[in-house]
Amino acid sequence: MRTLLFLALSLAPFAVPVAAAADAAAAPLPVDGWWDPSRDVWSRDAIVNSFKLVKEGVAPSAFLGDTSGMANFSRVDWAWFASDFAPETYKTVSVAPVRNGMGRFKVTGDLLVQESEIAYLQSVTKGWKKKVTAGTDGDLVVYTNLRWFSTTANGVEYVVETVGVNKAGNAVFKLQYLAGTSGTANMVMGALSGGVGGLVSAIPDDRDQFAYYVATTGEVGGLLRTALVDGAARIKKGKNPPPMGPATPADVATVAQPPRGEAFGPALQAQVAGWMALVQDENADMSDRCDRLRDLGKIGALATIPVAEALIQDKKAKNSIQENAAWALGEIGHEDGLDTLESAKGVDGFNVKAAITKITEY
């Protein structure tokens, strides 16, 4: 298992006009504020706005089911516990593979999230140290959904949804919270720059991004552990109890990890197609092509893979767009991009290695 707190460390193109490739930040926000890949176009602002809304109120969630009883608790934003929740009653605990609610093939860092949760849950009780493992066969199974995900110039952020399901198929706790704030980013950048926390404003490269992933997934595991420990203790003492109620049936088919693929709605599909056309337009502004290539990576659009591979293999392509192509392949996370990355020549070596690491390890 990797050291979790090491801070330093197929969608075919549509016939959409290039004009459809609007700036990512200029896309309209969803009417209800919550970004949904089955309904909305992608933009940085839509994701950031969803982060803000989670701090203000619990997001309606098919993954969590009924969220009406959830309320602020401990260090997480929203929580709910079954009235008889007691960690010591579970002889074995399994942490399921992490799924994502962004409609994409993979969210970078999902493997680190699962490892972090296992490591932190092993210290919930003395008895859990050897009883928490990866899988779905435990007396208690912890399922996690990365509802929203963002990489920025200042860090990595996830909106995390977690539900614990017992052998009877009932949910015994539910959590929804934001992990990976600007504070975490400043802490990481401070460590990387010799301790000048909060003052570093340089745009980080992929090396620093790895530090963000590790720090943020450590925060995910830490918040999960703290919520469970605090919830169980307060229920047992009957003092300052957490939001709770009777255990309720959980829809395991909904919370279990679905087959990897895409679940983009028509609006997002058309947006991807427009950006793909721009990226392949050699007459378009190079900065715009690079920006949209990175956005396609953030969306996780599988249709980007052959286009990015062609750019990396094109001896006449400018190095700037080749580096962004490698970054996009890493963000998408599909194994199909590995052969091209491993044989890439003339492209920044660390950028290529970082992309390979995201696909194979993160």
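Conventions we followed
- Residues numbered from 1 in each chain as written.
- Predicted model: local features only at pLDDT ≥ 70, side-chain atom pairs only at ≥ 80, totals over all residues.
- Heavy atoms only, no water.
- Helix = DSSP H or I, 4+ residues; strand = E, 2+ residues; numbered from the N terminus.
- Core = buried A, V, L, I, M, F, W, Y, C linked by side-chain atoms within 4.5 Å.
- Buried < 20%, exposed > 50% of the residue type's maximum accessible area, 1.4 Å probe, protein only.
- Contact = heavy atoms within 4.5 Å.
- Expected span 1.5 Å × (residues − 1).
- Phe/Tyr/Trp six-rings, centres within 6.5 Å; stacked < 30°, edge-to-face > 60°.
- Lys NZ or Arg CZ within 6 Å of the ring centre and 35° of its normal.
- Pairing = 2+ DSSP bridges.
- pLDDT = per-residue confidence, 0-100.
- Polar contact = N/O pair within 3.5 Å; in protein donor to acceptor, adjacent residues only side chain to side chain.
- Axes fitted to C-alpha atoms, helices over the stretch in contact; angles between N-to-C directions.
- Parallel < 35°, antiparallel > 145°, perpendicular 65-115°, else oblique.
- Left-handed = near helix turned anticlockwise from the far one by under 90°.
- Nonpolar A, V, L, I, M, F, W, Y, C, P; charged D, E, K, R; others polar.

**A closer look at unusual backbone geometry**
And step 1. Non-glycine residue S74 carries a positive phi angle of around 50°.
And step 2. Along the chain, the position of S74 falls in the loop between β1 (71–73) and β2 (76–82).
And step 3. Even without glycine at this site, N240 takes up a positive phi of about 50°.
And step 4. One can find N240 in the loop between α4 (206–237) and β9 (244–245).

**As for the nonpolar core**
And step 1. Core analysis: the largest hydrophobic core is formed by 101 residues, its most contacted members being F85, L121, W148, Y158, F173, Y177 and L341.
And step 2. No other element matches α4, which puts 11 residues into this core.
And step 3. Setting aside anything within four residues of it in sequence, one finds L121 in contact with V95, W128, V132, V142, L224 and L228.

**Describing helix α1 (residues 44–56)**
And step 1. An ideal rise of 1.5 Å per residue puts 18 Å on 13 residues; α1 measures up with 19 Å between its terminal C-alpha atoms.
And step 2. Against the buried residues of α1 lie β2, β6 (140–152), β7 (155–166) and β8 (170–179).

**Focus: the packing of aromatic side chains**
Where two aromatic rings form a pair, the distance of their centres and the angle of their planes describe that pair.
And step 1. Here the structure, examined in full by the defined rule, presents 10 aromatic pairs.
And step 2. Judged by centre distance (6.5 Å) and plane angle (45°), the ring pair of F210 and Y213 falls under tilted. A residue pair is termed a helical-turn pair when its members lie 3 or 4 positions apart in one helix, as F210 and Y213 do in helix α4 at three residues.
And step 3. Ring plane angle 55° and centroid distance 4.8 Å describe the contact between F210 and Y362, whose orientation is recorded as tilted. Here F210, found in helix α4, pairs with Y362, found in the segment after α11 (349–360); they are 152 residues apart in sequence, far enough to count as distant. Both residues of the pair, F210 and Y362, count as buried.
And step 4. An aromatic cluster is present here, built from F73, F81, F85, Y90 and F173 joined pairwise through their rings.
And step 5. The ring of F105 carries R260 above its face, with NZ or CZ at 5.2 Å from the centroid.

**Focus on the pairing of β6**
And step 1. Counting buried residues along β6, 12 of its 13 residues qualify, which places the element largely inside the surrounding structure.
And step 2. Pairing between strand β3 (residues 93–95) and β6: three bridges, direction parallel. Bridge pairing in β6 places S94 opposite V141.
And step 3. As judged from the two bridges shared by strand β4 (residues 99–100) and β6, these two strands associate in the parallel manner. Paired with R99 across the strands is N145, a residue of β6.
And step 4. In the sheet, β6 pairs with β7 via 12 bridges, with the strands oriented antiparallel. Each residue of the ladder has a partner; that of V141, found in β7, is V165.

**Considering the confidence of the model for the chain**
And step 1. The predicted model of the chain has a mean per-residue pLDDT of 87, with 85% of residues at 70 or higher.
And step 2. Residue range residues 1–22 is modelled with pLDDT below 50. Its contacts to residues more than four positions away, or to other chains, number 49 contacts.
And step 3. Below a pLDDT of 50 lies the segment residues 195–203, which in the model reaches nine contacts outside its immediate sequence neighbourhood of four places, other chains included.

**Overview of helix α6 (residues 266–279)**
For an α-helix, 3.6 residues make a turn, and residues three or four places apart therefore share a direction.
And step 1. A rise of 1.5 Å per residue sets the reference length of α6, with its 14 residues, at 20 Å; its end C-alpha atoms lie 20 Å apart and thus fit the reference within 8%.
And step 2. Here the buried face of α6 lies against α7 (286–299), α8 (304–313) and α9 (319–332).

**A look at the side chain of D40**
And step 1. Mapping D40 onto the fold places it in the segment before α1.
And step 2. Assessed through its relative accessible area of 11%, D40 is described here as buried.
And step 3. Here R39 takes part through its side chain, which lies 2.8 Å from a polar atom of the side chain of D40.

**Quick look at the packing of α9 against α11**
And step 1. At a minimum axis separation of 7 Å, α9 and α11 run at an interaxial angle of 15°. With respect to α11, the axis of α9 lies roughly parallel. The handedness of the crossing between α9 and α11 is left-handed. For the pair α9 and α11, the contacting residues are E323, A326, W327, L329, G330 and E331 in the first and N351, V352, A355, K358 and I359 in the second.
And step 2. Tallied by class, the residues present in the contact of α9 with α11 amount to six nonpolar, two polar and three charged.

**Some remarks on the pairing of β8**
And step 1. Within β8, nine of the 10 residues are buried, which leaves it mostly tucked inside the rest of the structure.
And step 2. Pairing of β2 with β8, which is carried by four bridges, proceeds in the antiparallel orientation. Along β8, the bridge assignment pairs A79 with L175.
And step 3. Examined bridge by bridge, β8 and strand β10 (residues 248–249) share two bridges and lie antiparallel to one another. Directly across from N170, in β10, lies its bridge partner P249.

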